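What follows is each chain in one-letter form.
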Amino acid sequence: MLNKTFNKIYDTDIGYSFFNSKIAMISSAVLFIIFLCSIFAGVVSPYNPFDPASVSLMDAFTPPSWSEGGSPSFILGTDQQGRDMFSTIIYGSRISLIVGFASILFAMILGVFLGVTAGYIGGRYEIIVMRVTDVQLTIPSILMALLVNGIAKSVISQSMHSEMAIYVLIFAIGISEWPQFARVSRASTLVEKNKEYVSASRIIGLSNVLIMFKHILPNILRPLLVIATIGLALAIITESTLSFLGVGVPPTTPSLGTLIRFGNSFLFSGEWWITFFPAIFLIVLALSINLLGDWMRDALNPKLKKR
Amino acid sequence: MDERRLKSKIKKEMSFLEVKNLNISYPTRKETIVASKNVEFTLERGEILGIVGESGSGKSTIANAIINLIDPPGEITGGSIKIDNNELRDNEELIQNIRGKKIGFVFQDPQTSLNPLFKIKDQLIETIQTHLDLDYQDALKRSIQLLEEVGIDNAEKRIEDYPHQFSGGMRQRVVIALAISCEPDLIIADEPTTALDVSIQYQILELLKDLTKKRNLGVIIITHDMGVIAETTNKVIVMRYGVIVEQGDTKELLTNPKSTEARSLVISVPPTNKKIDRFKLISPEGKEITSDSKSLTKNIIKTWGVRENTNQKLLELTGVTKIFDDKSIASNFSFGLKNDTADKVVKAVDNVSFELFEGETLGLVGESGSGKSTIAKIITGLVRPTNGEIFYNNLSLYNSKRKYQIDKSRGQVQMIFQDPYSSLNPRFKVRDIISEPIRLFQKNISSSELTKNLYDLIDIVGMSRQSLDRYPHEFSGGQRQRISIARALATRPRLLICDEPTSALDVSIQAQVLNLLKDIQDELHLAMLFISHDLPVIRQMCNRIVVLKNGIVCETKESEELFNNPEHPYTQELIRLMPKIESII
C-alpha cells in the first residue's frame, strides 16, 4: 500500500525530481524535523521555559553538557535566567515559524488579490495598484517593519502591547512582502487572461470573480508557491532581525532573534552557547527553506526540466 | 523504390543525398521513443522531395538529423547519411563546414529565425564571410544580389533594415536568401509556408521551385499540407510513427496511394473543386468509412427536444467597425502628454455588415489581419465595437453605452477556439469543464440529471464516458477540440462560432471534427459562423461566404457561386493561388 503510493508519487515529474535531488531531500527532512519539534514543543522539550516554576536561577549559565561544568540535564546549557537552551530554542522556533507563516500568508493573500485583480481588470485600477507596488518596493522591508512597529507602539496602549506584539509583527512583515506576490501574480494573470479558456468562460457568462479566482488563480499558483517558499525564509529572518533589534516579540516569549540578542551580551564573557545555538539553528532553518525553494523553482519550471 | 536503387547500383552512381537505415531515438525516463526507424531515401540534384505525415510522425527529426541538430537526449542510433558520398553522421567537423554552406535551412516561423537585433545586411554578410573567402564589399554586393534574386524590391536600400521592418512573407524571403547565400547544394525547408498567408505561400513555393531549377539544388520540403506537396514536389515520403510507410513519385502516390496512412492523408484533404457532403475517412483496418456520430446525436434530441428549423434571422451585423488605437496604451505611460504614437489608428474591422439565419453556416474567410477573429470577439462580447450594431434575434447586443448585454443572448451564442491546447483549463477535469456551463444555466439541476446531460454531450462528440474523469493534458489535439465542442453545446446554443477550429489539427483529424460539426448542425439546426483562412475547408463547410480583406468586406455570396464565379479581384486571386491537390491528379 505504502509502496504503491510511493511509486505513484515517484512516477510524477515533480516526485521524480524530488527523489533524485539530495539537496531537496535533506533540506525537507531537516525542515520536517524542525516543524514537528516546534509543533509538539511541549512533548519534545524537556522543560517549559515559559513556566517560571520550572526555572531556577541557580542553574543560570550552565555550559553545554559535554563541556566542563556542564550538566547532563541541560544538553545545550542554560541562559542567564537558568532556562534550558534546547527548550528555549524549540519554543523560540515555534514563535519564529508562526510569525513567518502567518506573515507570508497575509502577504500572499493581499498581494495575490491585488495582483490578480490588477492584471485581469486593467485600466486605471491596474496603474494605481502597480505604482503603489513600485513605491512599496523602494522601502527596505526592515525599515517598513520598523515603521509599522513604531506606529503600532504609539497607537496601542502599553498594557496591550505585549499581547498584540506578535500580530503587529505579522502585519509589519506581511506588509513589506506583498509587492513580490502582487507583481508575479499580475504578470502571470496577464498571460493567462489571454488564453482561450478564459475567453470561453467569459462567453459562457461566468462572473469575473469566478473567472479570476476559480479559473486563473489555480493556474498561476506554481510561481507563487516558489516565491512564497523563499519569502518564508526571508520573513523568518526579518522577524529575527526585528527581535534582535528589540522591536519584535516581548522577552517573555522569546523567538530565535530574541535569544540571539540575549546571548549577544554574554558572548565576550565566555558564555558563547547562549547566542551560538539559536544562531546556528536559525541559519539551518533559513538555509533549508531557501534550498528547498531553489529546487522547487527548477522543478516547477518546464524550461529547466531535464530528462 | 527497390527498382530505383537497383538501377542506381547498376549505373554505379551515387545519389546526391543518401539516407540509409537511419534510426533515431529519444530515451526518456520512462521509455525510449523511437523517432525514426530504418528510414531510407535518396535525393538527386534538381529534385524536390516532400516529407508528409501527421504531427509526431518524425518528419522534422529526419531534417534535423541531416544537419546533426538533434536536441539531446535524442541521438542517432544507427544508419548513415551521405552527401556526395561523404558520411555526415557523427562527423561534427564536416557538418560544421557543411551546415550553412552546403546545406541551407529554412524554418517554419520567419518571426523567430532572424535575429531582431541585427540588420539584414549584417546577418547575410556574417553568414557569407563565415563560409566564403570574400571581403566585406564583395560580400555586401553578393547580399544585395541575393535579395534581388529572392524578389525583394529596392534591395540596396532594404538591406539596411531590421527584420521587424519586413512583413512575414518578406522575412521568409530573407531567410531563403540566407539559406542560398553560400551556394548550397541542398535546402531543407521545415514547414516553410505554414505561418504564411495563401498568396504569400504561393510566392514562396514558386521561388523555391525556381531556385531548384536555376541552381540545380536538392530540396527537402517538410509539410503537413497535401496541397503544397501536390504543387511543388517531385517525390514524396509518407511517414507515421517514425517509419516510412510509403514513398514514390508524387503524382503516382497521390493518385494511387497504397498504404492506409497515405490513403487516409489523401482522402481526408478537403477537395477544392467540388462540395462533398461528408469527408471520407479511413479506418485503421484500411476501410473507407463515412460519418460515425449520427446515431449519437439522436440522444441529445431526447433531452433537448426536437428543434424545428425556422430559418429565421438569428444574427445581424450592421456597419460594425472596430478601431484599435494606441491612445489607450500610450496614455498609460505618458500620463496625458501627447506624443506622436498616440494618434496611430488601426481599423481592424471596417463597416462590416452581414446576416446569419438559423440552420445556416456562414463562412468568414480572409488572410491574417483581415479582422475575422475580431468580428467573432465582437459578437461574443470579448471586444467592444467602436461603431455599428449587432442584433441577436432582433435584440441589440450592445446598449447605448456600448456595454455588452449578455442577457440578450444568454448562453445561446457559443464559440469553439483555434488552439486546443489553451482553450481548456488545465486544472479542471473534463467533467468540471463541461458541467460548469450547465450548472450556470440550470442552477437547481439534480446530480443524476447533470450526469445524464454530461453523458449525452460526451456521447455526441464521440468520446468515451471515462474521459470525463481525466484532465485535458491526457488528450490529443483532436480529442480536446471535441471536448471544446461538448462544452460549447452544454448551454444549448443556437449560434456556434467556430474560429479556425481545425487549423491546429492534422488532416484526418480535421476531417473527423468537421464531419462532427456537420452532424451536429444537421440534427440541432444550429446557425454557424465558420471562420477560417483555409478556402477548401470553407467551401466544404459553408452555405454562404463573406470574404474579408483588411477589415473590409470584399464580397458576400453563396458558397458554390463564389468558387465558380468570383467577382472581386481579391477573391479571384485567393482562389487561383490556393494549393490544389487536384492540380496533379
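Here the structure is a predicted model, which means the values were calculated and not measured. (Residues numbered from 1 in each chain as written. Chains lettered and ligands numbered in written order. Predicted model: local features only at pLDDT ≥ 70, side-chain atom pairs only at ≥ 80, totals over all residues.)

Student: A description of the overall build of chain A should follow, citing residues and the corresponding values.
Tutor: Counting its secondary structure elements, chain A contains 13 helices and zero strands. Secondary structure elements of chain A occur, N-terminal to C-terminal, as α-α-α-α-α-α-α-α-α-α-α-α-α. The principal-axis extents of the C-alpha atoms in chain A amount to approximately 75 × 55 × 30 Å. Residues counted as buried form 43% of the 307 residues belonging to chain A. Pairs at least 24 residues apart make up 69% of the contacts formed inside chain A by residues separated by at least 6 positions. (Helix = DSSP H or I, 4+ residues; strand = E, 2+ residues; numbered from the N terminus. Buried ≥ 20, exposed ≤ 12 C-beta atoms within 10 Å, placed from the backbone. Contact = placed C-beta atoms within 7 Å.)

Student: Can you tell me about the sheet that holds strand β9 (residues 235-240) of chain B, naming the residues and giving the values?
Tutor: Residues and elements named next belong to chain B. The strand order β6-β7-β8-β3-β9-β10 describes an open sheet built from six strands, whose pairing is mixed. Only two strands of the sheet have a single partner each, and these edge strands are β6 (103-106) and β10 (243-249). For this sheet, the mean inter-axis angle between neighbouring strands, taken without regard to orientation, is 15°. Direction of pairing for β9 relative to β10: antiparallel, over a ladder of six bridges. Looking at β10, one finds that Val238 is bridged to Glu246. Its contacts with the sheet put helix α11 (residues 260-267) on β3 (48-53), β9 and β10, and the angle it makes with β9 is roughly 110°. (Pairing = 2+ DSSP bridges. Axes fitted to C-alpha atoms, helices over the stretch in contact; angles between N-to-C directions.)

Student: Before we move on, can you summarise the packing of helix α8 (residues 158-193) of chain A against helix α11 (residues 221-245) of chain A with the specific residues and values?
Tutor: Residues and elements named next belong to chain A. Contact geometry of α8 with α11 gives a least axis separation of 10 Å together with a crossing angle of 160°. Judged by the angle between their axes, α8 and α11 are roughly antiparallel. Viewed along their axes, α8 and α11 form a crossing whose handedness is right-handed. The segment α8 lies against α11, with Leu169, Ile173, Glu177, Gln180, Phe181, Val184, Ser185 and Ser188 engaging Pro223, Leu224, Ile227, Gly231, Ala235, Thr238, Glu239 and Leu242. (Parallel < 35°, antiparallel > 145°, perpendicular 65-115°, else oblique. Left-handed = near helix turned anticlockwise from the far one by under 90°.)

Student: Help me get a handle on α11(A), residues and values and all.
Tutor: Residue and element names in this part refer to chain A. Between its terminal C-alpha atoms α11 stretches 35 Å, which fits the 36 Å expected from 25 residues at 1.5 Å a residue. Burial runs high along α11: 18 of the 25 residues are buried. Remark: Gly246 follows α11 within two positions and exhibits a positive phi of approximately 90°. (Expected span 1.5 Å × (residues − 1).)

Student: Give me the sheet that holds strand β19 (residues 495-499) of chain B: which residues, what numbers.
Tutor: Residues and elements named next belong to chain B. Across the sheet, which stays open at both edges, the six strands sit in the order β18-β19-β20-β15-β21-β22 with mixed pairing between neighbours. Strand pairing shows two members of the sheet lacking a second neighbour, β18 (413-416) and β22 (552-558), which therefore form its edges. Strand after strand, the sheet turns through a mean of 15° between neighbouring axes, direction not considered. In this structure, β19 lies alongside strand β20 (residues 527-532), joined through five bridges in parallel fashion. The residue bridging Leu496 from the neighbouring strand is Met528, located in β20. The strands that helix α14 (residues 372-380) touches are β15 (361-365), β18, β19, β20 and β21 (544-549); relative to β19, the one it contacts most, it runs at about 150°.

Student: Tell me what's going on with the pairing of strand β4 (residues 75-83) of chain B, and back it up with residues and numbers.
Tutor: For a regular strand, side chains alternate in direction, first toward one face of the sheet and then toward the other. Residue and element names in this part refer to chain B. Pairing between strand β1 (residues 17-27) and β4: seven bridges, direction antiparallel. From the neighbouring strand, Glu18 faces β4, where its bridge partner is Lys82. Pairing analysis gives two bridges linking β4 to strand β5 (residues 86-87), with the strands arranged antiparallel. Across the sheet, the residue bridging to Lys82 is Glu87, located in β5. Here β4 folds back onto β5, and the loop between the two strands holds two residues, one of which, Asp84, carries a positive phi near 45°.

Student: Could you give an account of the nonpolar core, with specific residues and numbers?
Tutor: Membership of the largest hydrophobic core comes to 215 residues, with the highest contact counts inside it found for Ile220(B) and Leu529(B). Of the residues forming this core, the biggest block, 15 residues, is contributed by helix α5 (residues 85-121) of chain A. Not counting residues within four places of it along the chain, the set of residues in contact with Ile220(B) comprises Leu43(B), Leu49(B), Ile51(B), Ala63(B), Ile188(B) and Ala189(B). (Core = buried A, V, L, I, M, F, W, Y, C linked by C-beta atoms within 7 Å.)

Student: Break down the environment of Thr232(B) for me, with residues and values.
Tutor: Residues and elements named next belong to chain B. Inspection of the secondary structure assignment puts Thr232 in helix α9 (residues 226-232). Looking at Thr232, the number of C-beta atoms within 10 Å reads 22, which means it is buried. Sequence separation between Thr232 and Gln247 is 15 residues; the distance between their C-alpha atoms is 16 Å. Ignoring anything within four residues of it in the chain, the contact list for Thr232 reads Ile48, Leu205, Leu208, Lys209 and Ile221.

Student: Can you lay out the packing of α5(A) against α11(A) for me, pointing to particular residues and giving the numbers?
Tutor: Residue and element names in this part refer to chain A. Where α5 meets α11, the closest approach of the two axes is 8 Å, and the angle between their N-to-C directions is 130°. Judged by the angle between their axes, α5 and α11 are oblique. Considering the relative orientation of α5 and α11, their crossing is right-handed. Along its contact with α5, which presents Ser96, Val99, Gly100, Phe101, Ser103, Ile104, Ala107, Met108 and Val112, the element α11 presents Leu224, Ala228, Gly231, Leu232, Ala235, Ile236, Glu239 and Ser240. Here the residues of the contact of α5 with α11 are counted per class, giving 11 nonpolar, five polar and one charged. (Nonpolar A, V, L, I, M, F, W, Y, C, P; charged D, E, K, R; others polar.)

Student: Report on the interface of chain A and chain B, specifying residues and quantitative values.
Tutor: Every contact between the two is made by 16 residues of chain A and, on the other side, 23 residues of chain B. Sorting the residues of the side of chain A that touches chain B by element identifies α9 (196-204) and α10 (208-219) of chain A as the ones contributing at least two each. Here the side of chain A that touches chain B is composed, by residue class, of eight nonpolar, four polar and four charged.

Student: Mind laying out the confidence of the model for chain B, listing which residues take part and the relevant values?
Tutor: Residue and element names in this part refer to chain B. For chain B, the average pLDDT comes to 84, and 91% of its residues sit at 70 or higher. The spread of mean pLDDT over the elements of chain B runs between helix α13 (residues 327-334), the lowest at 48, and β15, the highest at 93. Contacts for the low-pLDDT stretch residues 7-12, under 50 throughout, to residues beyond four places or in other chains number two contacts. Low confidence marks residues 328-342, where pLDDT is under 50. Its contacts with residues over four positions away, or in another chain, come to 10 contacts. (pLDDT = per-residue confidence, 0-100.)

Student: Report on the pairing of β3(B), specifying residues and quantitative values.
Tutor: Residues and elements named next belong to chain B. Counting buried residues along β3, six of its six residues qualify, which places the element largely inside the surrounding structure. Here β3 shows two buried faces, one formed by Ile48, Gly50 and Val52 and the other by Leu49, Ile51 and Gly53. Pairing analysis gives four bridges linking β3 to strand β8 (residues 218-222), with the strands arranged parallel. The residue of β8 that forms the bridge with Ile48 is Val219.

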